[in-house]
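Below are the chains, spelled out letter by letter.
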Amino acid sequence: MACSRPPSHSNSANEVFHYGSLRGRSRRPVNLKKWSITDGYVPILGNKTLPSRCHQCVIVSSSSHLLGTKLGPEIERAECTIRMNDAPTTGYSADVGNKTTYRVVAHSSVFRVLRRPQEFVNRTPETVFIFWGPPSKMQKPQGSLVRVIQRAGLVFPNMEAYAVSPGRMRQFDDLFRGETGKDREKSHSWLSTGWFTMVIAVELCDHVHVYGMVPPNYCSQRPRLQRMPYHYYEPKGPDECVTYIQNEHSRKGNHHRFITEKRVFSSWAQLYGITFSHPSWT
C-alpha cells in the first residue's frame, strides 16, 4: 500500500531514521476537526458530498484479537461503523458485526473488494466507500482505478464511493511528518490504511472507539510463543508482531511504520476523544 512510491536510491545519510519515538515531533498539526471534508474527498460516482458527521463511530480493525470476543451485537449498535480494505463480515459477524457505514480501501485492495460484490457492495448496500492511493493511480483517466470503480458503479447504481484528493494525500504526508519529525517518503515508508482510517474517523466523528488495535508497546511485552495472525480472516497468514516489527525496523524496500503510527494515535487519544478496547489502552 502506498501514497507515492519513494525514490529507489538515497542521496543522504539522513534518510535513515530511528522509528518508535515521537521526540522528533516538529509541531502540533492543524486541528483535524477543521479539515475541509469537501476538499478532501472527491466523488467517484455521481456528484455527492461525503456524508458527515457521526457523533459516535467505531473502527473495527482487521486484527485477530477480535476472534472469540462476541462483540458483534455491541458493534452493530454503534451509530457509524468503519472497516478497512477487504475485511469480511460473513462468517465473522458474531465477533465483528456486519454493519458497515464507511469502508476505507487502499488502491492495492480495490480489486479484492470489487470482485466480491456480494460481500462488500450488496451485503451492506448503505456502505460509503473511501478509496485512497497515489494520484498516479487514482486520478489519471487512462487505466486508472477510478475507471474500474466507475464500472462497478454501473452494475451497482446505489454504490457510493469517494477518492482521497491529491491535496488531501499531501496533507496526510505532512501530518505524519509534523507528528513524527520524519519524512515518510525519504524514510522509504508508506502510510497504512489504519493511518488513513484513523484520520478520516477523527474528521467525521465526535468520538471514536477502536476495536482490536494493539498498543505501540504490545510486541515488546507479548510472550514470544504466543502467535496471533495479523488478520482475523487469515488464520494462516503472517504473525501480527512479526509483521509490525519487520515493517518498523526495515530499511530496505518500502514499509509501513505501524508502531510509530500507533504512538501517534496514543498521543491523539485525549485530544480527539479516541478510546481503544480489546485490548484496552490509551
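What comes next concerns the included structure. Only a predicted model underlies this, so the values are computations on that prediction, with no experimental measurement involved.

1. A word on the overall build of the protein chain
Part 1: Along the protein chain, the regular secondary structure elements total 12 helices and eight strands.
Part 2: Looking at the protein chain as a whole, 57% of its 282 residues qualify as buried.
Part 3: Put simply, of all contacts in the protein chain between residues at least 6 apart along the chain, 73% involve residues at least 24 apart.
Part 4: Taken as a whole, the protein chain presents about 12,900 Å² of accessible surface, with 52% of it coming from carbon and sulfur.

2. Some remarks on helix H11 (residues 240-249)
Part 1: Turning to H11, its buried residues are Glu240, Cys241, Thr243, Tyr244, Asn247 and Glu248. Taken down its axis, H11 places every buried residue within 160° of arc, on the same side.
Part 2: Two or three places before Cys241, at the opening of H11, Asp239 has a side-chain oxygen 3.2 Å from that residue's backbone nitrogen.

3. Digging into the pairing of strand E3 (residues 80-84)
Part 1: Among the five residues of E3, five are classified as buried, and the element is accordingly described as predominantly covered.
Part 2: Covered by surrounding structure in E3 are Cys80, Ile82 and Met84 together with Thr81 and Arg83, the residues of both alternating faces.
Part 3: Both strand E2 (residues 54-60) and E3 contribute to a ladder of three bridges, which runs parallel. Residue pairing in the sheet places Val58 in a bridge with Thr81 of E3.
Part 4: When E3 meets strand E4 (residues 102-106), the two strands line up parallel, connected through three bridges. Across the sheet, the residue bridging to Met84 is Val104, located in E4.

4. Comments concerning the packing of aromatic side chains
Part 1: Counting across every chain of the model gives 15 aromatic pairs.
Part 2: Centroid distance Trp35 to Phe172: 6.0 Å. Interplanar angle 80°. Geometry classified as edge-to-face. Of this pair, Trp35 sits in the segment before helix H1 (37-40) while Phe172 is found in helix H8 (residues 166-180), placing the two residues 137 residues apart along the sequence.
Part 3: Here Phe172 falls in the buried class, since its relative accessible area comes to 0%.
Part 4: Through pairs of rings, three or more aromatic residues link up here, namely Phe176, Trp195, Phe265, Trp268 and Tyr272.

Conventions we followed
Residues numbered from 1 in each chain as written. Predicted model: local features only at pLDDT ≥ 70, side-chain atom pairs only at ≥ 80, totals over all residues. Heavy atoms only, no water. Helix = DSSP H or I, 4+ residues; strand = E, 2+ residues; numbered from the N terminus. Buried < 20%, exposed > 50% of the residue type's maximum accessible area, 1.4 Å probe, protein only. Contact = heavy atoms within 4.5 Å. Areas by Shrake-Rupley, 256 points an atom, 1.4 Å probe, with all protein chains shown as cover. Arc of directions from axis to C-beta. Polar contact = N/O pair within 3.5 Å; in protein donor to acceptor, adjacent residues only side chain to side chain. Pairing = 2+ DSSP bridges. Phe/Tyr/Trp six-rings, centres within 6.5 Å; stacked < 30°, edge-to-face > 60°.

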